[in-house]
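Overview (structure and organization)
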Amino acid sequence: EKINLTAITEYEEVLDKHFYDSLLAANGDLKGILADVGTGAGFPGVVLKIVFPDLHVVLIEPLHKRCVFLESLIEKLALKGIEVVNERGEDHSLSHREAYDYVTARAVSNLNGLIEVCGAMVKKDGYFICMRGKDGRNEIEKAEKAISTMGFAVEFIHDEVILNGDQRVISYFRKVRSTPLKYPRKYNIIKKSPL
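Residues numbered from 1 in each chain as written. Predicted model: local features only at pLDDT ≥ 70, side-chain atom pairs only at ≥ 80, totals over all residues. Heavy atoms only, no water.

Some thoughts on the overall build of the protein
To keep it simple, the criterion reads: By definition, any uninterrupted DSSP run of H or I lasting at least four residues is a helix, any uninterrupted run of E lasting at least two residues is a strand, and each is numbered from the N terminus. Here, Shrake-Rupley sampling with a 1.4 Å probe gives the accessible areas, and only protein chains in the shown set may cover a residue.
Across its full length, the protein holds eight helices and seven strands. Accessible surface computed for the protein: about 9900 Å², of which carbon and sulfur atoms make up 52%.

Focus on the pattern of salt bridges
If the charged atoms of two oppositely charged side chains come close together, the side chains can form a pair. Where we set the bar: Salt bridges are defined as contacts in which a side-chain nitrogen from Lys or Arg sits within 4 Å of a carboxyl oxygen from Asp or Glu. Note on exposure labels: buried denotes an accessible area under 20% of the residue type's maximum, exposed denotes more than 50%, and partly exposed covers the range between, all computed with a 1.4 Å probe on protein chains only.
Summed over all chains, the structure comprises 10 salt bridges. Notably, a salt bridge pairs Glu61 with Arg66, separated by 3.6 Å at the nearest N-O pair. Accessibility expressed as a relative area gives 21% for Arg66, which makes it partly exposed. Salt-bridge contacts for Arg132 lead to Glu139; the nearest nitrogen and oxygen are separated by 2.7 Å. Linked by salt bridges that have partners in common, Asp125, Glu155 and Arg174 make up one network.

A few points about the packing of aromatic side chains
Keep this limit in mind: Only the six-membered ring of Trp is used, alongside the rings of Phe and Tyr, when aromatic pairs are assigned; centres must lie within 6.5 Å, and planes under 30 degrees apart are stacked while those over 60 apart are edge-to-face, with the rest tilted. Two limits define a charge over a ring: the Lys NZ or Arg CZ must be within 6 Å of the ring centre, and within 35 degrees of the ring normal.
Enumeration over the complete set of coordinates arrives at five aromatic pairs. Pairing Phe156 with Tyr172 gives two aromatic rings, centres 4.9 Å apart and planes at 15°, and the pair type is stacked. One end of the pair, Phe156, is in strand S6 (residues 152-161); the other, Tyr172, is in strand S7 (residues 167-175), with 16 residues separating them in the sequence. For Phe156, a relative accessible area of 26% puts it in the partly exposed group. With a relative accessible area of 4%, Tyr172 lands in the buried category. Cation over ring: Arg88 sits above Tyr187, and NZ or CZ is 4.7 Å from the ring centre.

Points about a nonpolar patch on the surface
Filter applied, for reference: Patch rule: a residue counts if its relative accessible area is over 30% and it has no salt bridge; like charges are joined within 9 Å, and nonpolar side chains (Val, Leu, Ile, Met, Phe, Trp, Tyr) within 5 Å.
Together, Leu23, Ile50, Val51 and Leu77 give the surface a local cluster of nonpolar side chains, amounting to about 320 Å² of exposed area. Relative to the elements of secondary structure, Ile50 occurs in helix H2 (residues 45-51). Judged by relative accessible area, Ile50 falls into the partly exposed class, the value being 47%.

Describing the sheet that holds strand S5 (residues 122-132)
The condition that has to hold: Strand pairing is assigned whenever DSSP identifies at least 2 bridges connecting the two strands. Note on definitions: angles span 0 to 180 degrees between N-to-C directions of axes, and those axes are lines fitted to C-alpha atoms, for helices only across the stretch in contact. Working rule for contacts: check all heavy atoms of both residues, and any pair within 4.5 Å makes them a contact.
The strand order S3-S2-S1-S4-S5-S7-S6 describes an open sheet built from seven strands, whose pairing is mixed. Only two strands of the sheet have a single partner each, and these edge strands are strand S3 (82-85) and S6. The mean inter-strand angle of the sheet, taken between neighbouring strand axes irrespective of direction, is 20°. The pairing of strand S2 (residues 56-60) with S3 spans four bridges and is classified as parallel. Bridged to Val58 within S3 is Glu83. On top of the sheet, helix H3 (residues 64-77) reaches S2 and S3; it is set at about 165° to S3, its chief contact. Across the sheet, helix H5 (residues 111-119) lies against strand S1 (33-37), strand S4 (100-106), S5, S6 and S7, angled at about 145° from S5, the strand it touches most.

Some details on the side chain of Ser93
Within the fold, Ser93 resides in helix H4 (residues 89-95). Assessed through its relative accessible area of 0%, Ser93 is described here as buried. Leave out the neighbours within four places in its chain, and Ser93 touches Val117, Ala120, Met121 and Pro184.

Here we look at the pairing of S4
Across the seven residues of S4, six count as buried, placing the element largely inside the fold. As defined by bridge partners, S1 adjoins S4 across four bridges and the pair is classed as parallel. Counterpart to Val37 in the pairing with S4 is Ala105. The pairing of S4 with S5 spans six bridges and is parallel. Pairing of Arg106 across the sheet is with Met131, part of S5.

Given below as structure tokens:
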């Protein structure tokens, strides 16, 4: 509450909408390096690190106060192989092209913009794991051009219902070819003219 990390503060809701929800990103064992873009309070990145201790996790968060919280949390939980980067996703993407086996993003931006921001970070044959709400399948249909342009193919889509009845759509997009070097564009252009 002090740092205003999340509007969800009830214990059961936090478990359901943050912790359980974060676990939905895992399809079997996750190995290698995962970047969590717009991680906020560390969801799903920190949760996935706890469950898969051998997974190296990079938490990307543009707000400094959240990064300070995340550093403190990592220290308190004595987690190893996890780091915090205080940077916007599209900026990180420019300096970390095809650096990650997995990139996750949870409820951030629209899918067209999100895949452009995150897509270049994913290694060939790696995965962009997209976590959306009940309209997730419609968003995927509308983002077909962006998905293809960024070098991805939809591998599978998983529908889930969390304990409070809210729907989740988890999508695994596999990187089938390298992202063209002109992407990602500057964020104001992505927002103004999405793929």
